[in-house]
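Architecture at a glance
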Amino acid sequence: MGRVYNFSAGPAVLPEVVLKEAQEEMLDYRGTGMSVMEMSHRSAAFQQIIDEAEADLRDLMNIPDNYKVLFLQGGASLHFASIPMNLMKNGVADYIITGQWAKKAYEEAKKYGKVNAIASSADETFSYIPDCSDLPVSEDADYVYICQNNTIYGTVFHELPNTKGKELVADVSSCFLSEPIDVEKYGVIYGGVQKNIGPAGVQIVIIREDLLREDLPKTVPTMMNFKVQADKGSLYNTPPCYGIYICGKVFKWIKNMGGLEAMKVHNEKKAAILYDFLDQSKLFKGTVRKEDRSLMNVPFVTGDKELDAKFVAEAKAAGFENLKGHRSVGGMRASIYNAMPMEGVEKLVEFMKKFEEENK
Ligand SMILES: *Cc1c(COP(=O)(O)O)cnc(C)c1O
């Protein structure tokens, strides 16, 4: 069996050329006589891998010099805790609840301070992004937190919230490197790489230098102390070496594709193929308010659970994998990250048309 079209929400599809390159270097990485998996993280060869990865990421995202880039572990879920631990000086933070990941981050932050939910779209099953132009931002909030792209529900902040001068912290796990962003608008940008960049196990944290603190409470675990991690160049302990190596290859792949501007054009075209079909289909419909649609995660339903299940099963048999919606939402979800080729979405739409014909 050949490779399938993999619409998984994460871990997700990676560029085939990257996998092939990794395969070629698997047994002997560039004359070192060993795999990157077998290499000391203190070796010159690995130092070059991590340095190049950081330089390419800085280049791609246009990250200013006064921001640090950290390659960490623990999943985005660990950083639901490390964000408040590192950033709460007043012990206050405001959260915008646009889905399960935002909610989990909010619940975790409550362990560390006074946390306010200043907006939410829970009233309509997170199918939209609330108006964030004039929110009741707390006077003494250390930061305002968003989950920028809501992986499960398929919404995205096309416009950032007005934080009224407070630091913006964003979980970008499922939209990392999908389009250009203005790093300077954020205090912290972070996310797991297993959605849009690389293998599970790597977290990237981009943090403005002045937010790194010497005076963290002693109870903050060293591994979660962003200042320590920054001072040690992400090498306080053994980092997720192989994952960082693959991320570095994906950064180069994106650069070869023309960078984030080109990625955005590519992603918009790809998403439009699916959304345009959904908008005219008599069987399938999108579940999200049009203005807030994600370019990365596209949930849709037929309105009939049995038909949804039939679709998912037939799609799988035809080589379209992982189209089942998140267990909390049901229906279907096509995650169409950077590495999903245009052809994958075109073929999926063809298949959906055929299914619609057969199930009138
Ligand atoms: C997947 C996901 C997470 C959770 O990531 P883990 O690495 O499993 O902890 C958090 N936030 C968003 C937006 C996600 O898509």
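Residues numbered from 1 in each chain as written. Predicted model: local features only at pLDDT ≥ 70, side-chain atom pairs only at ≥ 80, totals over all residues. Heavy atoms only, no water.

Taken as a whole, this structure holds three cavities of 30 Å³ or more when the rule is applied. Around the largest cavity sit Val13, Leu14, Pro15, Lys195, Asn196, Ile197, Val250, Trp253, Tyr337, Asn338 and Ala339, which together line it. (1 Å grid on protein atoms, 1.4 Å probe; cavity = no way out; pocket = protein on both sides within 12 Å on 5 of 7 lines; lining within 4 Å. Points joined across faces, edges and corners; volume = space filled by probe spheres on them.)

By nearness alone, every residue bordering the ligand is listed as Gly75, Ala76, Ser77, Phe80, Trp101, Cys147, Asn149, Thr151, Asp171, Ser173, Gln194 and Lys195. Thr151 places a side-chain nitrogen or oxygen 2.4 Å from an oxygen atom of the ligand. Between the ligand and Lys195, the relevant distance is 2.5 Å, taken from an oxygen atom to a side-chain nitrogen or oxygen of the residue. In isolation the ligand has 390 Å² of accessible area, and contact with the protein removes 86% of it. Among the elements that make up the shell around the ligand, the one with the highest residue count is helix α3 (residues 75–87) (four residues). (Near = heavy atom within 4 Å. Polar contact = N/O pair within 3.5 Å; in protein donor to acceptor, adjacent residues only side chain to side chain. Areas by Shrake-Rupley, 256 points an atom, 1.4 Å probe, with all protein chains shown as cover. Helix = DSSP H or I, 4+ residues; strand = E, 2+ residues; numbered from the N terminus.)

On to the pattern of salt bridges. According to the stated counting rule, one finds 30 salt bridges in the structure shown. The shortest N-O distance in the salt bridge between Lys249 and Glu25 comes to 2.8 Å. Of this pair, Lys249 sits in helix α6 (residues 241–257) while Glu25 sits in the loop between α1 (16–24) and α2 (44–61), placing them 224 residues apart in sequence. Across the pair, exposure class does not vary: Lys249 and Glu25 are buried alike. Connected through shared salt-bridge partners, Glu52, Asp56, Asp59, Lys252 and Lys255 make up one network. (Salt bridge = Lys/Arg side-chain N within 4 Å of Asp/Glu carboxyl O. Buried < 20%, exposed > 50% of the residue type's maximum accessible area, 1.4 Å probe, protein only.)

Structurally, Glu179 is set in the loop between β8 (167–171) and β9 (188–192). For Glu179, a relative accessible area of 24% corresponds to the partly exposed category. For the pair Glu179 and Leu60, spaced 119 residues apart in sequence, the C-alpha to C-alpha distance is 10.0 Å. When near neighbours in sequence (up to four residues on either side) are disregarded, Glu179 contacts Leu260, Lys264 and Leu295. (Contact = heavy atoms within 4.5 Å.)

This brings us to the sheet that holds β8. Read across the sheet, seven strands follow the order β2-β10-β9-β8-β5-β3-β4 without closing on themselves; strand pairing throughout is mixed. Each having just a single partner strand, β2 (67–72) and β4 (114–120) make up the two edges of the open sheet. Taken pair by pair, the neighbouring strands of this sheet meet at an average axis angle of 20°, ignoring direction. Summarising the sheet, β9 and strand β10 (residues 203–208) pair through five bridges and their orientation is antiparallel. Along β10, the bridge assignment pairs Ile189 with Ile206. Docked against the sheet, α3 engages β2, β3 (92–97), β5 (143–147), β8, β9 and β10, running at close to 160° with respect to β9. (Pairing = 2+ DSSP bridges. Axes fitted to C-alpha atoms, helices over the stretch in contact; angles between N-to-C directions.)

A surface patch of nonpolar side chains, about 330 Å² in accessible area, is lined by Met26, Leu27 and Met37. Using a relative accessible area of 30% as the deciding quantity, one classes Met26 as partly exposed. (Patch = residues over 30% accessible without salt bridge, like charges linked within 9 Å, V, L, I, M, F, W, Y side chains within 5 Å.)

One open sheet holds the three strands; their spatial order is β11-β12-β14, and the pairing between them is antiparallel. Each edge of the sheet is formed by a strand with only one pairing partner; in this case those strands are β11 (285–286) and β14 (332–335). Where β11 lies against strand β12 (residues 297–301), two bridges are found, and the strand directions are antiparallel. Of the residues in β12, the one forming a bridge with Lys285 is Val301.

Turning next to the side chain of Ser127. Relative to the helices and strands, Ser127 is located in the loop between β4 and β5. Within the structure, the side chain of Ser127 is placed 2.8 Å from the backbone oxygen of Glu124, a separation counted as a polar contact. In this view, Ser127 contacts Ser121, Thr155, Thr287, Val288 and Arg289; residues no more than four positions away in its chain are not counted.

That is the geometry; function is a separate question.
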